[in-house]
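Architecture and fold: a report
As a plain string of letters, each chain reads:
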Amino acid sequence: MARSSTAVSTGDAATVITIEQALDAAGFGPFQMKLFVLCGLGWSADVGEIRLIGFLLDGHTLEFELSPSEKWVLSAIFFVGMFLGAWLWGIVADRCGRKHAFTATCCLTFTFGSGSALANSATALAMCRFAVGLGLGGNLA
């Protein structure tokens, strides 16, 4: 594997280490394992949400008697939420930290994903799916 030419200065002009050396010095311990598992579970749930759209849309169409244009809007609003969520949560993460933004997006996705199952109208379902899109956009960005 080729070494990166990027170097990190430690403050002393005479001491320069590569990124690989810095990562090797940091190691892989319990914190990194916890982070790996939590992020993996969050991203797995996000992928599950995205995959469910195709399966659930036909059921929603029958349940709420949606026209083809309403069916299109219901699927599109989720992706509009993802687009806006990536932009919004990027700003939040820069200002408040990645940990807080990631936790908030996971909570948002879980809360409104559960709310989608309880929606009793097409409007409530669309609002919940938009909010889920906001959470997923930030989580996957």
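One can find the structure itself at the top, above this paragraph.
Our subject in this report is the structure included herewith. Just so it is clear, the structure is predicted and the values come from calculations on it, not from any experiment.

Topic: unusual backbone geometry
- You will see that Glu65, though not glycine, has its phi angle at about 50 degrees, which is positive.
- Considering the arrangement of structural elements, one finds Glu65 in the loop between helix H2 (30–64) and helix H3 (68–96).

As for the packing of H2 against H3
- Orientation of H2 relative to H3, taken along the N-to-C sense of each, is 150 degrees, at an axis distance of 10 Å. Taken together, the axes of H2 and H3 are roughly antiparallel relative to one another. The way H2 lies across H3 gives a crossing that is right-handed. Residues Ile50, Ile53, Leu57, Asp58, His60 and Thr61 of H2 touch H3, and the partners they reach there are Lys71, Leu74, Ser75, Phe78, Phe79 and Met82.
- Of the residues assigned to the contact of H2 with H3, the class counts are 7 nonpolar, 3 polar and 2 charged.

Topic: the environment of Ser121
- By the element assignment, Ser121 lies in the loop between helix H4 (98–118) and helix H5 (122–140).
- Given the relative accessible area of 27%, Ser121 is considered partly exposed.
- In terms of polar contacts, Ser121 uses its side chain to reach the backbone amide nitrogen of Ala124, at 3.1 Å.

Looking at the side chain of Ser116
- Relative to the helices and strands, Ser116 resides in helix H4.
- Since its relative accessible area comes to 10%, Ser116 is described here as buried.
- Setting aside anything within four residues of it in sequence, one finds Ser116 in contact with Leu125, Cys128, Arg129 and Val132.

Details of the pattern of salt bridges
- Summed over the entire model, instances satisfying the criterion amount to 3 salt bridges.
- For Asp58, the salt bridge identified is with Lys71, shortest N-O distance 3.1 Å. With a gap of 13 residues between them, Asp58 in helix H2 and Lys71 in helix H3 connect regions that are remote in the sequence.
- With its nearest N and O atoms 2.8 Å apart, the salt bridge here joins Arg98 to Asp94. Like Arg98, the residue Asp94 is exposed in the burial classification.

Thoughts on the packing of aromatic side chains
- All chains considered together, the criterion is met by 2 aromatic pairs.
- With a centroid separation of 6.3 Å and an interplanar angle of 75 degrees, the aromatic rings of Trp43 and Phe102 are classed as edge-to-face. In this pair, Trp43 is assigned in helix H2 and Phe102 in helix H4, connecting sequence segments 59 residues apart.
- A relative accessible area of 41% means that Trp43 is categorised as partly exposed.
- Taking the centre distance of 5.1 Å and the plane angle of 80 degrees together, the rings of Phe78 and Phe79 count as edge-to-face.
- You can call Phe79 partly exposed: its relative accessible area is 43%.

Reading guide: rules and limits
- Residues numbered from 1 in each chain as written.
- Predicted model: local features only at pLDDT ≥ 70, side-chain atom pairs only at ≥ 80, totals over all residues.
- Heavy atoms only, no water.
- Helix = DSSP H or I, 4+ residues; strand = E, 2+ residues; numbered from the N terminus.
- Axes fitted to C-alpha atoms, helices over the stretch in contact; angles between N-to-C directions.
- Parallel < 35°, antiparallel > 145°, perpendicular 65-115°, else oblique.
- Left-handed = near helix turned anticlockwise from the far one by under 90°.
- Contact = heavy atoms within 4.5 Å.
- Nonpolar A, V, L, I, M, F, W, Y, C, P; charged D, E, K, R; others polar.
- Buried < 20%, exposed > 50% of the residue type's maximum accessible area, 1.4 Å probe, protein only.
- Polar contact = N/O pair within 3.5 Å; in protein donor to acceptor, adjacent residues only side chain to side chain.
- Salt bridge = Lys/Arg side-chain N within 4 Å of Asp/Glu carboxyl O.
- Phe/Tyr/Trp six-rings, centres within 6.5 Å; stacked < 30°, edge-to-face > 60°.

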